[in-house]
Amino acid sequence: MKLTYQQVFGAALLLAALAGCELTPSVIICEDGPPPPPILTTPANIQDIPSKLGPPVQQFIYDPTRENVFTGSQGTVILVSPNAFVTESGQPFTGPVHLEMREVFSKADMVLSAMPTISNGQLLESAGEFYLAPQEKVKWADGASVKFSAAIPASVTSMSGMQMFVGATPGAGTSRCFQWQPVDSSALTTDGQIATGQVSGAVLNAGYDWINFDRFLPDAPKDTIIANIVGEEVDLVKNTVAYVLFNTDNTAIKICEYAGPGKIKSPGIPLGSAVSIVVIRTLNGKLYYNRQKTVVNGRVNVEPALLEITPNALVDSLKIIK
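This one's a predicted model, so the numbers in the text were calculated from it and none came from an experiment.

The rules we used
- Residues numbered from 1 in each chain as written.
- Predicted model: local features only at pLDDT ≥ 70, side-chain atom pairs only at ≥ 80, totals over all residues.
- Heavy atoms only, no water.
- Pairing = 2+ DSSP bridges.
- Helix = DSSP H or I, 4+ residues; strand = E, 2+ residues; numbered from the N terminus.
- Disulfide = S-S within 2.5 Å.
- Axes fitted to C-alpha atoms, helices over the stretch in contact; angles between N-to-C directions.
- Core = buried A, V, L, I, M, F, W, Y, C linked by side-chain atoms within 4.5 Å.
- Buried < 20%, exposed > 50% of the residue type's maximum accessible area, 1.4 Å probe, protein only.
- Contact = heavy atoms within 4.5 Å.

A. Quick look at the sheet that holds strand 18 (residues 225–228). The strand order across the open sheet formed by four strands is 21-22-18-26, and the pairing between neighbours is mixed. Among the strands making up the open sheet, the edge pair consists of strand 21 (257–258) and strand 26 (300–302). Across three bridges, strand 18 lies against strand 26 in parallel orientation. Bridge pairing links Ile225 to Val300 in strand 26.

Written out as structure tokens, the structure is:
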């Protein structure tokens, strides 16, 4: 029997509609809405949070014979020039290259990716952070170029002074505070809605696999936040991580300094800033979390009461922080 276009199209719609349904001989049971999110696993330690709970790694295959354009799940467009890779000995690499990419726009994802907004001690506001790295043992060609374009997040308060920064994935087993490094400020342009930045292969070959669109926050008098964490010994490498999230800027500052037994201290926070202090701990195979709001009007002391939480609930709780 020959089917008409309308019959085929109708059957396709029915199959799509039934994709989320359970069929029995006499009943079709359909669940409303999208499928539930996957169940996340508890990180073994703080170092595991980016791989377990951070934004998903996206994969693309690069063809060296042409200019490549990739689009991330959150809308980031990446343009990579032809012949962008060479072997470790400097010879042109002519095969396909598998690229891994991540997009970070929200303060929640900054926390879950361990990518705070700070450069040489100066606070930043981010309009987008992007991870891009080849999986093969290759290097970027010095003449290669990579262009990133992304919509400016609604949470960004100003694009004035935005420029490009680069960073390297923090090494495991260190509590050293991550710091972004500025590059040529002319490499970033914006039309008020889209920001576009370009970086060279020579810069990427210096060990940088993260790109950031950032601006320095205005300089102002500052003071610190001291967080007292009750319970087992605080270890900023293995079991404890804390951030200061700004209410009015797309800014997330990691707390990396000890201030005595069970206490940690933030970098200087501008006076008058309304913030949330977020503390996450991994202890004995369990995950603990809490956040506390405050306004920095001088030195602030907080003692968040940490509660056990599931990985999914932790991600959801971070995402509601504005």
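B. Highlighting the state of the cysteines. Applying the stated criterion to the full structure yields one disulfide. The residue that forms a disulfide with Cys177 is Cys256, at a sulfur-sulfur distance of 1.7 Å. Looking along the S-S bond of the Cys177-Cys256 disulfide, the torsion reads about 85°, which is the right-handed sense. Here Cys177, found in the loop between strand 12 (163–167) and strand 13 (181–182), pairs with Cys256, found in the loop between strand 20 (252–254) and strand 21; they are 79 residues apart in sequence, far enough to count as distant.

C. Geometry of the sheet that holds strand 4 (residues 68–71). Across the sheet, which stays open at both edges, the five strands sit in the order 4-5-11-15-14 with antiparallel pairing between neighbours. Where the open sheet ends on each side, the last strands, each with one partner, are strand 4 and strand 14 (188–190). Adjacent strand axes in the sheet meet at a mean angle of 15°, parallel and antiparallel pairs treated alike. Strand direction decides the pairing type here: strand 11 (residues 145–151) and strand 15 (residues 194–200), joined by seven bridges, are antiparallel. Paired with Ser145 across the strands is Ser200, a residue of strand 15.

D. Quick peek at the nonpolar core. In this structure, Trp140, Val146, Phe148, Ile211 and Phe213 are the most contacted members of the largest nonpolar core, which totals 34 residues. When near neighbours in sequence (up to four residues on either side) are disregarded, Val146 contacts Ile78, Leu79, Val80, Leu132, Trp140, Gly197, Gln198, Val199 and Leu204. Of all hydrophobic cores here, the second largest spans 30 residues; its members include Val111, Leu112, Tyr131 and Val315.

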